[in-house]
Structure formats: structure tokens, C-alpha cells
Amino acid sequence: MTCNFSYQRFCLITILIIVGALLFNLLVWRLLNRQLLTPEEGVYIGELAQTGYLYDHTAPRRNTIDLPRRHLRYAEYAGQKIDVLTIGDSFSQGGGNGPNRFYQDYIASLQNLAVLNLPLKIDSANNLLESIAILVNSGFIERINPRYILLQRSEQNIYEFAATTDLGKSLPPEQLNNMLASTTLPAGSDTDPGTFDLPGNHFLNPANLKWLWYKIGYFFSRNAFISHVYREELDHSLFSGAHGDALLFLDKALDKHRDKQKALDERAVRRINENLNRLASLLAETNIRLVFMPVPDKYSLYRPYLREKHYSRSAFFEHLRWQPKVYQLIDTDAILGQELKTGVKDLYWIDDTHWSWKASRAIFEQFRFEK
């Protein structure tokens, strides 16, 4: 092919751009993003570091268990005597990953109790309160016959409990059993569904450009202008690693946090408490006690230790503590807040919205089920 001078320059520049782009993608993918976004099998990195492309804020971990007793999954249940039935969201499914990721194993090991975890999604229920009522009204709870039901819910989603709640719903037992079987991990499975769509495992990847944008953006903005992940500075290190004084959290938490100023005012918390009391009374008819374990959002828990406080703290726990209760409350905000005061690191994972084994151990060393 014959090129005049200007065309030769155009060809050369085009080739250099293509080679430069390929080299950039190859280096960023091989040296940074591949390990961050597609770690080797069995290694887990938190959603916050992955979403914000913050490869230097990770806590890579493997799922291990060294506790003497483990909880049962529904697929492993074969009529054993059950002391505590747990129902909740990703915190109840070991969502943070890492060592001893299930808080239920600490209940079983520290208090010598038989614990069954029930991942639960019932389409006809508007929230977990109605789901538990369906289990009661359909005869499922009578068959399991636990002494306690522990209901766990993260604070970000707890406003659902303020909605009008029908505790009279039920389902035919066969339909309920089929639904539970379809939403329960098989026995021996150690895999939970992921919450983020990660890019493909190929070096030509839009994630590489995102990394460059975020790398520059975090120098000028708490969320790199466009990221869902915010980064703030703590006044001292509360996480392990070179960036242990950084707090990562999702903007979803902030949005919910702002919403909570409207939705979770004292009147809303009073409605939540009333619905919990109604459910506790329903369970008491079958001699089962309700234990409620709300999980504080990461930003609110760590907010006292931020250098600059740009957003307000949730008042949910302050409102709930003073409500008259028929159920038992596990005040995780007070327990974990006290742990932070003593300087305990890594109660939550630096790169994740979930807590670690340290939080699970602290909570169930303090909260005891009556025998």
C-alpha cells in the first residue's frame, strides 16, 4: 500500500494509539484488575473495593471454619431438635465471607445450641414479618418447633417493617415446602449468589478505563464523581492494612440514610416496634420467643471516628431502644459501638458492607439465649 506523507503520519499515529491502548489494557488488567475483579477460586474480595476499583483497599480472604459446632442449613435438616431458627438477609447467609462467616456458628459454639438457618423468600409476603407469619400459619414452625426465632435485618432495609403487615397470611404446606426447597442452598454448598456483575476475564475490558477514571477521581472527590462507593478518612486506624484509616461505604447506604430521616422517624420506628410485638405475640401462642437483631449500617457505626462528618447518623437504634417490647432486642449498635471504642479493628471488612467474624463473636459473647 502506498501512502503520501500525511497519510503515513495518520497510519503511524493510528498504529501507536492502538498499540498504546492494547498495552494499557494489558498492563492494567494483568497487574491490577484481574486480581481485584476475578480473584483465584476460593478467594473473596469485598464488593466495595471491586465496585470502586480500590485494589489497595482489599482484604482478600478464604472461607474457613475452626469453631467446634456449626449451624444446620435447611437442606441438612432431618428432624433434629432445634433451639434457634434464624431468618434474615445476606448477613444471615455469611455474606461477608472469610473465617467463620456465619454468626449462627458462634451461637452454636459459644452457647451450645442447635441452630437452623432458613434462607427465606416468599413471593406473597411483603416483608420478613409476613414471611414468618406464613410459616406459623401454614404449620411449618410447629414442625420445626424451635424455642427461639432470631429475625435479622440490615438497618438499610428495615423500614419495610413499618409498612402495613398482614400476619394472617398462609400457604398450602406443599406449596410452601416447594418454595423453601427452591430458595435453599443444597447441603454442603458453600456458594452464595453474587450481588455484582463483574466484567469478563479478558484483558480488553471497560473495567480498565474505569480504574483509570476512579484512580484520578478519588483524589478530588469522595466518590470519584461517579462511583457508587464513597471513601472517607477516619481519625485513626480501625481496619488492618496500609489504608486502615479509610472508611468505604455505598451511596445506597447514604440514600437510604437520607430516606431514613423521613421514613425512620420516631413514628415509623414505633410502627416497626408494634409490628414486631404483634409477631412476637403470634409466636408466643406456640411457646416460641422472638429475638430481633437489626444490623447497623457501616457508615452510621463508624461515623463518630470520621475526620469530617458530611452526613448525619441514623437515629433508628436510639428510637427503638425506648419502645415497649414483647420481643428481645439484640442491640448490635451498642455492642459493636463499644468494641470500636476499645479500638478493635476489622469489625466490618474494609472492602465490604458486611461485618466480619469479630462482630459475630462480640455479639454472641454478650447476648445469651436463656436455656
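Summarised in this report is the structure supplied together with it. Keep in mind it's a predicted model, so treat the numbers as computed, not measured.

What follows covers the overall build of the protein chain. Counting secondary structure elements, the protein chain contains 13 helices and 8 strands. Principal axes of the C-alpha set define a box for the protein chain whose edges measure 90 × 45 × 40 Å. Here the protein chain holds 371 residues, and the buried ones make up 52% of them. Across the protein chain, the fraction of contacts at a sequence separation of at least 24, relative to all contacts at a separation of at least 6, is 74%. With an accessible surface of roughly 17,800 Å², the protein chain has 54% of that area assigned to carbon and sulfur atoms. Positive and negative side-chain charges of the protein chain, numbering 42 and 41 respectively, have mean locations separated by a distance of 2 Å.

The strand order across the open sheet built from 6 strands is β1-β3-β2-β4-β7-β8, with neighbouring strands paired in parallel fashion. Edge positions in the sheet fall to β1 (72-73) and β8 (328-329), since each of these pairs with one other strand and no more. Where strand β4 (residues 148-154) and strand β7 (residues 289-295) come together, 7 bridges link them in parallel fashion. Within β7, the residue paired with tyrosine 148 across the bridge is arginine 289.

Counting buried positions along strand β6 (residues 246-250) gives 5 out of 5 residues, so the element sits mostly inside the fold. Both faces of β6 are covered, namely the face carrying Ala246, Leu248 and Leu250 and the face carrying Leu247 and Phe249. Across 5 bridges, strand β5 (residues 229-233) lies against β6 in antiparallel orientation. Looking across to β6, one finds that glutamate 233 is bridged to alanine 246.

Moving on, we get to the packing of aromatic side chains. Tallying each qualifying case throughout the model produces 18 aromatic pairs. Where tyrosine 74 meets phenylalanine 140, the ring centres are 5.9 Å apart and the plane angle is 55°; that geometry is what we call tilted. Of the two residues, tyrosine 74 sits in the loop between β1 and β2 (84-87) while phenylalanine 140 sits in helix α5 (residues 140-144), which places them 66 residues apart along the sequence. Phenylalanine 140 shares its class with tyrosine 74; the two are buried. An angle of 25° between the planes, with centres 5.1 Å apart, marks the rings of phenylalanine 239 and tyrosine 302 as stacked. Within this pair, whereas phenylalanine 239 is found in the loop between β5 and β6, its partner tyrosine 302 is found in helix α10 (residues 298-302), the two being separated by 63 residues in sequence. On the basis of relative accessible area, phenylalanine 239 is assigned to the buried category, the value being 0%. Looking at tyrosine 302, the relative accessible area reads 0%, which means it is buried. Aromatic rings pair up to connect Tyr103, Tyr148, Phe364, Phe367 and Phe369 into one cluster. Positioned over the ring face of tryptophan 349 is arginine 61, at 4.1 Å from the centre of the ring.

What counts and how
Residues numbered from 1 in each chain as written. Predicted model: local features only at pLDDT ≥ 70, side-chain atom pairs only at ≥ 80, totals over all residues. Heavy atoms only, no water. Helix = DSSP H or I, 4+ residues; strand = E, 2+ residues; numbered from the N terminus. Buried < 20%, exposed > 50% of the residue type's maximum accessible area, 1.4 Å probe, protein only. Contact = heavy atoms within 4.5 Å. Areas by Shrake-Rupley, 256 points an atom, 1.4 Å probe, with all protein chains shown as cover. Lys, Arg positive; Asp, Glu negative; His and termini not counted. Charge placed at Lys NZ, Arg CZ, Asp CG, Glu CD. Pairing = 2+ DSSP bridges. Phe/Tyr/Trp six-rings, centres within 6.5 Å; stacked < 30°, edge-to-face > 60°. Lys NZ or Arg CZ within 6 Å of the ring centre and 35° of its normal.

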